[in-house]
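Examining the three-dimensional arrangement
Chain residues, written in single-letter form:
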Protein chains: 4
Amino acid sequence: MKPGIEKMNKIRVGIVGATGYTALESIRLLLQHPQAKVVAATSRKDAGKPLSEVHPSLSGRLDVQVTELNIKQLCSDCDVVFCCLPHGASAKTVKELIEGGTRVIDFSADFRLSNVETYEQWYGVEHPLPESIGSVVYVMPEFFAEEIRGADVVANPGCYPTSAILPLAPLIESSMIDPTDIIIDSKSGVSGAGRSAKVATLYCETNESIAAYAVGSHRHQPEIDDLVHRIGGREIQSLFTPHLTPMDRGILSTIYVRSEHDATEILNRWRDRYADSTFVQTVDHLPATKHVAGTNYVQMTARNAGSRRVLVTAIDNLAKGASGAAVQNLNVMFGLPENAGLI
Amino acid sequence: MKPGIEKMNKIRVGIVGATGYTALESIRLLLQHPQAKVVAATSRKDAGKPLSEVHPSLSGRLDVQVTELNIKQLCSDCDVVFCCLPHGASAKTVKELIEGGTRVIDFSADFRLSNVETYEQWYGVEHPLPESIGSVVYVMPEFFAEEIRGADVVANPGCYPTSAILPLAPLIESSMIDPTDIIIDSKSGVSGAGRSAKVATLYCETNESIAAYAVGSHRHQPEIDDLVHRIGGREIQSLFTPHLTPMDRGILSTIYVRSEHDATEILNRWRDRYADSTFVQTVDHLPATKHVAGTNYVQMTARNAGSRRVLVTAIDNLAKGASGAAVQNLNVMFGLPENAGLI
Amino acid sequence: MKPGIEKMNKIRVGIVGATGYTALESIRLLLQHPQAKVVAATSRKDAGKPLSEVHPSLSGRLDVQVTELNIKQLCSDCDVVFCCLPHGASAKTVKELIEGGTRVIDFSADFRLSNVETYEQWYGVEHPLPESIGSVVYVMPEFFAEEIRGADVVANPGCYPTSAILPLAPLIESSMIDPTDIIIDSKSGVSGAGRSAKVATLYCETNESIAAYAVGSHRHQPEIDDLVHRIGGREIQSLFTPHLTPMDRGILSTIYVRSEHDATEILNRWRDRYADSTFVQTVDHLPATKHVAGTNYVQMTARNAGSRRVLVTAIDNLAKGASGAAVQNLNVMFGLPENAGLI
Amino acid sequence: MKPGIEKMNKIRVGIVGATGYTALESIRLLLQHPQAKVVAATSRKDAGKPLSEVHPSLSGRLDVQVTELNIKQLCSDCDVVFCCLPHGASAKTVKELIEGGTRVIDFSADFRLSNVETYEQWYGVEHPLPESIGSVVYVMPEFFAEEIRGADVVANPGCYPTSAILPLAPLIESSMIDPTDIIIDSKSGVSGAGRSAKVATLYCETNESIAAYAVGSHRHQPEIDDLVHRIGGREIQSLFTPHLTPMDRGILSTIYVRSEHDATEILNRWRDRYADSTFVQTVDHLPATKHVAGTNYVQMTARNAGSRRVLVTAIDNLAKGASGAAVQNLNVMFGLPENAGLI
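Residues numbered from 1 in each chain as written. Chains lettered and ligands numbered in written order. Predicted model: local features only at pLDDT ≥ 70, side-chain atom pairs only at ≥ 80, totals over all residues. Heavy atoms only, no water.

For the pair of chain copies, the relating transformation is a rotation about an axis with a translation along it. Taken as rigid bodies, chain A and chain B are interconverted by a rotation of 180° and an axial shift of 0.0 Å, the fit giving an RMSD of 0.0 Å. Read as a symmetry element, the transformation amounts to a two-fold axis. Of the C-alpha atoms belonging to chain A, the one lying closest to the rotation axis is found on Pro246 of chain A, 3.2 Å away. The share of interface residues of chain A whose copies in chain B are also at the interface is 100%, consistent with both copies meeting through the same surface. (Least-squares fit on C-alpha atoms with pLDDT ≥ 70 in both. Contact = heavy atoms within 4.5 Å.)

Quick look at the structure:
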């Protein structure tokens, strides 16, 4: 095989908002990808530096200079852009990139909800591009592979929603659980809080400690309800409590539902529904976040407890919860096997 | 003040099962106690060693030799014994110690449940001393101070139960929550698993990971239900899920209940019920386990979430969840202020 | 004992710069002190808040409001002030406090060095009060108890210096080691970096990682050399390398020296020199920082390795390395036993 | 490309001693390898279980059953065996495997030293196969690629030695440092201690703590001296102090040497010597173990400090320190690019 030719055929990926943890995780995964490569990285904060100065783990592994955001340049250099900007800032950049002719995977929440009112209520800001909502499909490759294949832009799912939607959606779809009595108790590693300087996520504040936050008011709650509704065909109303856990990565969601079906039937339903999904693993053991750390896999199981069932899922919030899902989406968008570069 | 006299008046404490973490935490707290001192320590495994070899943090701080268990000697040397043996092994030793004339605070589960059947069902062994059940009061000083005052033996509460009973009991007592719909999702530090060599609690197994265990089958569940019933006067049926969290110490319990009373009324109820309790802090913020680490304090708060209320409590599993509660019990038993040596 | 009278006699302590970790640790220790109490706390950043909002671990334990710095008020309310301001900012405040008639324990580096040039060379700023250098004794109670007793202001030692000076000074004093060949390889917990928001000390930057920093250029190096010289009577030139270690607290210093005396003679020298020092523990085992966490103790030992000796010391950087030493200094200043409130 | 054919051509790897962390890391890396695959796994302790039960992170990713060690079967099924047995137990198995016709990469120390006396002195046991010493080349692909290419068995380097030999060997080779004055202060994550149940490596013993161990007596010291001698052509005598650090993975070595060449000359020497080595990165920043976690890369730099130079290297002890090096050796043995599957 001639390396030159191989390289010419690789999908060229640009990273917008290259300073943060999901950007770094995307780059880490793409370095292992046989058919894609990172060719550009932008960041207002770090423009002018080598990418390996922003992320020292890339030293000698990727020779890319961080630049200011330049839509025209990106559209010319890239086949697809991973847009890792925060919500509110992301939508307009995404629009410009698409109009410029490149495809986009958007990591923000700007296109995840199916109506503007819900967005504005939970995010407390006007939607920057309300007319676009609905034109972008919020996508998990496990459910919307067809839509992704032809899409110019996909809204990458949120981390907590991924850990909750994958177990819940098939059970709502097949009417196996009560849609009105769902409690999601989630525990996330600290990387979910991002890489900006805040006292609350200093080492000495979060180490050796666990705490709940945003009880009943976290923005991922409407995202969970919305997508389970769209997939399962029935409205649900969940109660979602996130917790900050002293670890870098991982989300464990412990989900309490009511069901007349026992745990075995739930496991069978999942095995059936996800028979063709590489990354969804229905397991018998109680999963730990360590079991999926650094991978795009989900492990999930169920247990009986009186009239309730306890569903437990583990993902890596940076991988399957963000950058791994993005690479998986990229694979589907470009007609590759969904697990290319992700095994 | 003459030191000699002062020393003579100190309560003499013996530690049985001195190798483990609750033993060490008890000793740590008693070193700070103005009116008590550790005079003896026994351990089958470590007999013959200086205590500071078993626990290097005691070097130069406590000059006690670990011995084999000798009931007669202990009863002669000690005013009270902290019995830190595992369940099943503890009951008989406790009995012998009382018959020998010393008082005992028992850390095991052997005397915590109010009937033998429940014990044998959940612990899977015959109760070693079934006739004694009922003669020992399971005690939390917040509820049974009178009984403790005159008791020869008190059954120290379990760690998870402490974090759940304190918020729940007053609400059951005053009929403010539905006793049939209670979900307790608890997250504990690793010290709760003890100090014996097991692969499952090696550093590299539990670090950077969170997992649920014993879903619907943990032995602290009947303990919670039993004591809330005894205090609140109504039967409850909780669903309890413990999680192993990557930190040394701390339990955070996130408790989901149904109530027609809003969070403010719950906070008021607690403030009223615990007005005289030094260690129970009803707070407005969402507590983190770090806020109570190393102390005997409980922090608890409540939040509204639709028809549910989310109660969140934080304790140190080794302190308020075990050794701190033991010292608090010791204080009440010997007529001292409940917070002596614990502030 | 009448509580009113007892309270009147307690030493009244004010905390200037109350937001940080050394302030919190000081308060934590003073809460356990039988003869001192915190009566005031100032912070530019947090003025107007209850102290328990700044440090939620104080909820229900200390009812003090944070105020702006008011020298006159502090001098009227306090017998002694713990000044926890950063270097450069501290000297002037210390001067005003002393002129106002209160005593001060200064946590900054402003008065630690014995000449202005060294200060300005290593700190890169003009000394705010050059004439004062020399009038303030830099003090470790193990060496300068006499000076502390009568002092109005004491310069509390730095964390790394404490871990290095305690083992080195007696060996220089008795000419047991080569003063020109000393390597100090120190590993510190993250709390040493303070509580201000910086990317470098975010949880996900420092967790699961160890790194050297400021190799050959850390400001504690001249402090070590200066004080060992003053105590031991001979100039030394050490090479000091600090490391950031993924833990909240603790400093382990591994010190490489050349000596013709074997490890046993070194241990004997220390045992002799520190016979009256409560907190310096010469031990046979290799100490771990966990063995001294939360305490004012130092554990130190020595090992043979060819013509070199390896000295290993463990302290808690927040306790013996800062706030514990401050309370110990307070005890000596006010004529109490050096271990009052610290056992 | 036809997947069937591709699979037939893959190098078939067997794992002996499949329970531990280096086994798991080897499997993790081989799962990403385009031209190798794991086909067998043996373990006395876990024979009869699916490999994914022993390592839950492999669920759904590798369908291999753990068996008892069967030399004949392994030799028939595998092109190469990773032998992850402990020292003492490994040598005989390695010999039988080679005689059976398969190639072996040995993770133990049994073949690492160049003479039997040193082995027996430091390991305290008779060498199980003294006649074989010398017939097996101890190999780091950075130095002995030629020998590896034709070898039937390679002795995979130790973790600490890798972090010390890579910076030291070229400097000894070119006489840039004093061979008699070398101090290696290394800090390792806990996975280096293995996966067997021991109190000393329980989470609560090692978390939030750092400690030195085996000062002047660790078995990797003669391995460092021996290999630097063999590569550099001059005898050295290092002083090596390992430390247990609260993290899963990583070794940071801070190495103190004397040199008349400044840090820049050292960096240049390394850049020159390792110009063709994919994984050795000479960097300007001070490396952190996190920068290389999960990768086969080494980052190293140098700093001036008087007449000394401080060399700092970071590796992942499980990857470049063990399993990554093994895959790199496998690549060289089988004529693949040294970085196949490792980027």
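Before going further, it helps to spend a moment on the relation of the copies chain D and chain C. Turning chain D through 180° and shifting it by 0.0 Å along the axis lays it on chain C, with an RMSD of 0.0 Å. Of the residues that chain D buries at the interface, 100% are likewise interface residues in chain C, meaning the two copies contact each other through the same surface.

Counting residues at the interface gives 37 residues for chain D, matched by 37 residues for chain C. When the two sides are added together, the surface that chain D and chain C hide from each other amounts to roughly 2900 Å², 60% of it contributed by carbon and sulfur. Counting the surface chain D buries against chain C, the share from its top three residues, Glu208, Ile210 and Lys290 of chain D, is 21%. Between chain D and chain C we count 6 salt bridges in total. The residue Lys187 of chain C makes a salt bridge to Asp185 of chain D at a minimum N-O spacing of 3.2 Å. Inspection of the region where chain D meets chain C yields 22 residue pairs in polar contact (both at pLDDT 80 or more). Within the residue set of the side of chain D that touches chain C, elements represented by two or more residues are β8 (182-188), α9 (203-206), β9 (211-212), β10 (238-244), β11 (251-258), β13 (298-305) and β14 (308-315) of chain D. Taken together, the residues of the side of chain D that touches chain C break down into 19 nonpolar, 7 polar and 11 charged. (Buried area = accessible area lost by both parts, 1.4 Å probe. Salt bridge = Lys/Arg side-chain N within 4 Å of Asp/Glu carboxyl O. Polar contact = N/O pair within 3.5 Å; in protein donor to acceptor, adjacent residues only side chain to side chain. Helix = DSSP H or I, 4+ residues; strand = E, 2+ residues; numbered from the N terminus. Nonpolar A, V, L, I, M, F, W, Y, C, P; charged D, E, K, R; others polar.)

We now examine the nonpolar core. Formed by 214 residues in total, the largest nonpolar core has its most connected members in Phe82 of chain C together with Phe82 of chain D. What Phe82 of chain D contacts, discounting residues up to four positions off in sequence, is Val13, Gly14, Ile15, Val16, Ser26, Leu30, Ile105, Phe107, Ala326, Val327 and Leu330 of chain D. One finds Val54 and Ala164 of chain A together with Ile15 and Ile224 of chain B within the second-largest nonpolar core, a separate group that totals 213 residues. (Core = buried A, V, L, I, M, F, W, Y, C linked by side-chain atoms within 4.5 Å. Buried < 20%, exposed > 50% of the residue type's maximum accessible area, 1.4 Å probe, protein only.)

Facing the 37 residues of chain A at the interface are 37 residues of chain B. Between chain A and chain B, a total of about 2900 Å² is buried, with carbon and sulfur atoms accounting for 60% of that surface. Interface area lost by chain A to chain B is led by Glu208, Ile210 and Lys290 of chain A, which between them contribute 20%. The interface formed by chain A and chain B contains 6 salt bridges. Applying the counting rule to chain A against chain B returns 22 residue pairs in polar contact (both at pLDDT 80 or more). Looking at the side of chain A that touches chain B, the elements with two or more residues in it are β8 (177-188), α9 (203-206), β9 (211-212), β10 (238-244), β11 (251-259), β13 (298-305) and β14 (308-315) of chain A. Take the side of chain A that touches chain B: its biggest share by element is 5 residues, from β8 of chain A.

As a further point, take the packing of aromatic side chains. Under the defined criterion, the tally for this structure stands at 22 aromatic pairs over all chains. Judged by centre distance (5.7 Å) and plane angle (45°), the rings of Phe82 of chain A and Phe107 of chain A are tilted. Of this pair, Phe82 of chain A sits in strand β4 (residues 80-83) while Phe107 of chain A sits in the loop between β5 (103-106) and α6 (116-123), placing them 25 residues apart in sequence. Assessed through its relative accessible area of 0%, Phe82 of chain A is described here as buried. Among the residues examined, Phe107 of chain A registers a relative accessible area of 10% and is labelled buried. Between the NZ or CZ atom of Arg103 of chain B and the centre of the ring of Phe334 of chain B, over which it lies, the distance is 4.9 Å. (Phe/Tyr/Trp six-rings, centres within 6.5 Å; stacked < 30°, edge-to-face > 60°. Lys NZ or Arg CZ within 6 Å of the ring centre and 35° of its normal.)

Let's shift gears to the side chain of Thr241 of chain A. Note on placement: Thr241 of chain A falls in strand β10. For Thr241 of chain A, a relative accessible area of 0% gives the class buried. With residues up to four places along the chain from it excluded, the contact list for Thr241 of chain A reads Ile184, Asp185, Ser186, Ala212 and Val215 of chain A together with Thr254, Tyr256 and Val310 of chain B.

Another aspect to go through is the sheet that holds β14 of chain A. Residue and element names in this part refer to chain A. Spatially, the 7 strands line up as an open sheet ordered β9-β10-β8-β11-β14-β13-β12, and their pairing is mixed. The open sheet is flanked by β9 and β12 (280-282), the only strands paired with a single partner. Pairing of β12 with β13, which is carried by 3 bridges, proceeds in the parallel orientation. If you follow Val280 over to β13, its bridge partner there is Val298. (Pairing = 2+ DSSP bridges.)

Another aspect to go through is helix α12 (residues 319-333) of chain B. Residues and elements named next belong to chain B. Taking 1.5 Å per residue, 15 residues should reach 21 Å; α12 reaches only 18 Å between its end C-alpha atoms and comes up short. Within α12, 15 of the 15 residues are buried, which leaves the element mostly enclosed by the surrounding structure. The positive-phi residue at the C-terminal boundary of α12 is Gly335, with phi of around 75°. (Expected span 1.5 Å × (residues − 1).)

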